[in-house]
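# Coordinate inspection notes
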Amino acid sequence: EKGTYAHFMLKEIDEQPFVMRKIIQEYQDEQDNIKIDADVRAAMLAADRIYIIAAGTSYNAGLVGKQIIENLADTPVEVHIASEFSYNMPLLSKKPLFIFISQSGETADSRAVLVKIKSLGHPSLTITNVPGSTLSREADYTLHLYAGPEIAVASTKAYTAQIAVLTLLAVDTANAKGLTLDFDPLQELAIVASVMESLTDQKEQYADIAKAYFTGTRNAFFIGRGMDYFVVQEASLKLKEISYIQAEGFAGGELKHGTIALIEDGTPVIAISTQENVNYSIRGNVQEVAARGANTCVVSIKGLEQDSDTLVLPHVHPLLTPLVSVVPMQLLAYYAALHRDCDVDKPRNLAKSVTVE
Ligand code: F6R
């Protein structure tokens, strides 16, 4: 039920703080430790390399998950687009673990990979919002996202839930490996939940920004480096699928290798800067495009901000910035679609789950 909301998408964006809290609650035991099934933990410990398989937004969450798992759990991770996996099958390590990330658990491209790797005898874990789904039934193990039903075609709360669950999985693995972490995930996710709330509480500003940048434009670019590069890919997917604006997410450093030729007077370029090690360089990229007439918008984070920034996010742990920087991106896409009279919850040509290869 939409309740007082005009669209499921907006409702689902607003639900994200509650989903974070639900995940904290469901993955926590009485001693405030992370609660993950012993067999999932054993599979993570046994793996010498993890292969994440997913499509669309779930793939974008996987890109963030790779950084988090490698940083915290010290296990190498590759992320693959499900539909490409069989054509460009990587050389597998000796003890691979396949993690399927899928909101619906029904994506045919991912299922095809699961069938293939099962026939090769490799272990599999599905992270899904629908525990009884095909990918969940057919994989060896399942982790539940607890995001509640996601009705809007454009995925929002599943993306943040996927990153949160991958974080808990990474920390659990790190603990099981005996690694010392300077990171309390349950506490950091609680901070994320409050920050998400502070962002969704100020909707008018996103409506205004969307109007200023996306009314009447044919295309838009999102740029970021490092962790932010993964979020700009999700930001551009959100914008294009519901507003039909041609949008692309680029690595800041790649701009000068071609894409910058597309910048004209008024082209919207949205930059995300949440990481100290990229702050200087990405701002250089913003200046390059501004000098060529782009209508630039910078979303930064407390501690790295400059006066001219359009939005400054409250501070969260550097590994978890995607969980908060994606929220303004979801809202910008939502309001852009609204301004352009698009069917927000049911964009043309798209289905909620893609059950054909
Ligand atoms: C984008 C979107 C799609 C899905 C993709 C995978 O907003 O919804 O890109 O993310 O089709 O779907 P699942 O996660 O159900 O496997």
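Everything below is about the structure printed above this text.
All of these numbers come straight from a predicted model, not from anything done at the bench.

Analysis parameters
- Residues numbered from 1 in each chain as written.
- Predicted model: local features only at pLDDT ≥ 70, side-chain atom pairs only at ≥ 80, totals over all residues.
- Heavy atoms only, no water.
- Pairing = 2+ DSSP bridges.
- Helix = DSSP H or I, 4+ residues; strand = E, 2+ residues; numbered from the N terminus.
- Axes fitted to C-alpha atoms, helices over the stretch in contact; angles between N-to-C directions.
- Contact = heavy atoms within 4.5 Å.
- Expected span 1.5 Å × (residues − 1).
- Buried < 20%, exposed > 50% of the residue type's maximum accessible area, 1.4 Å probe, protein only.
- Core = buried A, V, L, I, M, F, W, Y, C linked by side-chain atoms within 4.5 Å.
- Near = heavy atom within 4 Å.
- Polar contact = N/O pair within 3.5 Å; in protein donor to acceptor, adjacent residues only side chain to side chain.
- Areas by Shrake-Rupley, 256 points an atom, 1.4 Å probe, with all protein chains shown as cover.
- Nonpolar A, V, L, I, M, F, W, Y, C, P; charged D, E, K, R; others polar.
- Phe/Tyr/Trp six-rings, centres within 6.5 Å; stacked < 30°, edge-to-face > 60°.
- Lys NZ or Arg CZ within 6 Å of the ring centre and 35° of its normal.

## Let's talk about the sheet that holds strand β4 (residues 124–128)
The five strands lie next to each other as β2-β1-β3-β4-β5, forming an open sheet whose pairing is parallel. Every other strand in the sheet has two partners, leaving β2 (77–81) and β5 (141–144) as the edge strands with one partner each. Going across the sheet, the axis of each strand differs from the next one's by a mean of 20°, ignoring polarity. By the bridge criterion, four bridges tie β4 to β5 in an arrangement that is parallel. Its bridge partner lying in β5, T128 is registered against H144. Packing against the sheet, helix α4 (residues 56–73) makes contact with β1 (49–54), β2 and β3 (96–102), and its axis sits at approximately 175° to β2.

## So, helix α6 (residues 108–119)
An ideal rise of 1.5 Å per residue puts 16 Å on twelve residues; α6 measures up with 17 Å between its terminal C-alpha atoms. Every buried residue belonging to α6 is among A108, D109, S110, V113, L114 and I117, and all of these are buried. Buried residues in α6 make contact with β1, α5 (82–85), β3, β4 and α7 (134–138). Taken from the residues just after α6, G121 is the one with a positive phi, measuring 90°.

## Quick look at the nonpolar core
By size, the foremost hydrophobic cluster in this structure holds 98 residues, and its most contacted members are I99 and F214. Among residues more than four places away in sequence, those in contact with F214 are A220, F222, L239, I245, P268, I270, L332, A336 and R340. Counting residues in hydrophobic clusters, the runner-up holds twelve residues, among them F221, A271, V286 and A294.

## What about the site of the ligand?
Around the ligand, a shell composed of 13 residues is seen, among which S58, S102, S104, T107 and E241 lie nearest. One of the side-chain N or O atoms of E241 is found 2.5 Å from an oxygen atom in the ligand. Protein contact buries 91% of the 400 Å² of open area that the ligand shows by itself. Going through the elements one at a time, α4 and α11 (227–243) are the ones with two or more residues in the shell around the ligand. Counting residues per element, the shell around the ligand draws most heavily on α4, which supplies three residues. Class assignment of the residues belonging to the shell around the ligand gives a composition of three nonpolar, eight polar and two charged.

## Description of the sheet that holds strand β10 (residues 311–313)
If you walk across this open sheet you meet the five strands as β7-β6-β8-β9-β10, and the pairing is parallel. With one partner strand each, in any of the chains shown, β7 (246–251) and β10 form the two edges of the open sheet. Pairs of neighbouring strands in the sheet enclose a mean axial angle of 20°, with direction left out of account. The pairing of strand β9 (residues 295–301) with β10 spans three bridges and is parallel. Note that in β10 the partner of V299 across the bridge is L311. Contacting β6 (219–224), β8 (268–273), β9 and β10, helix α10 (residues 203–214) crosses the sheet at an angle of about 150° to β9.

## Some remarks on the packing of aromatic side chains
For the structure on display, the rule yields eight aromatic pairs. Between Y27 and Y146, the ring centres sit 5.9 Å apart and the planes meet at 80°, which makes this aromatic pair edge-to-face. Pair noted here: Y27 is in the loop between α2 (16–26) and α3 (38–46) and Y146 is in the loop between β5 and α8 (157–177), with a separation of 119 residues, a long-range link. For Y146, a relative accessible area of 24% translates into the label partly exposed. Pairing F214 with F222 gives two aromatic rings, centres 6.5 Å apart and planes at 35°, and the pair type is tilted. Directly above the ring of Y244 sits R348, whose terminal nitrogen or CZ lies 3.8 Å from the centroid.

Function-wise, these values are silent; they only describe arrangement.
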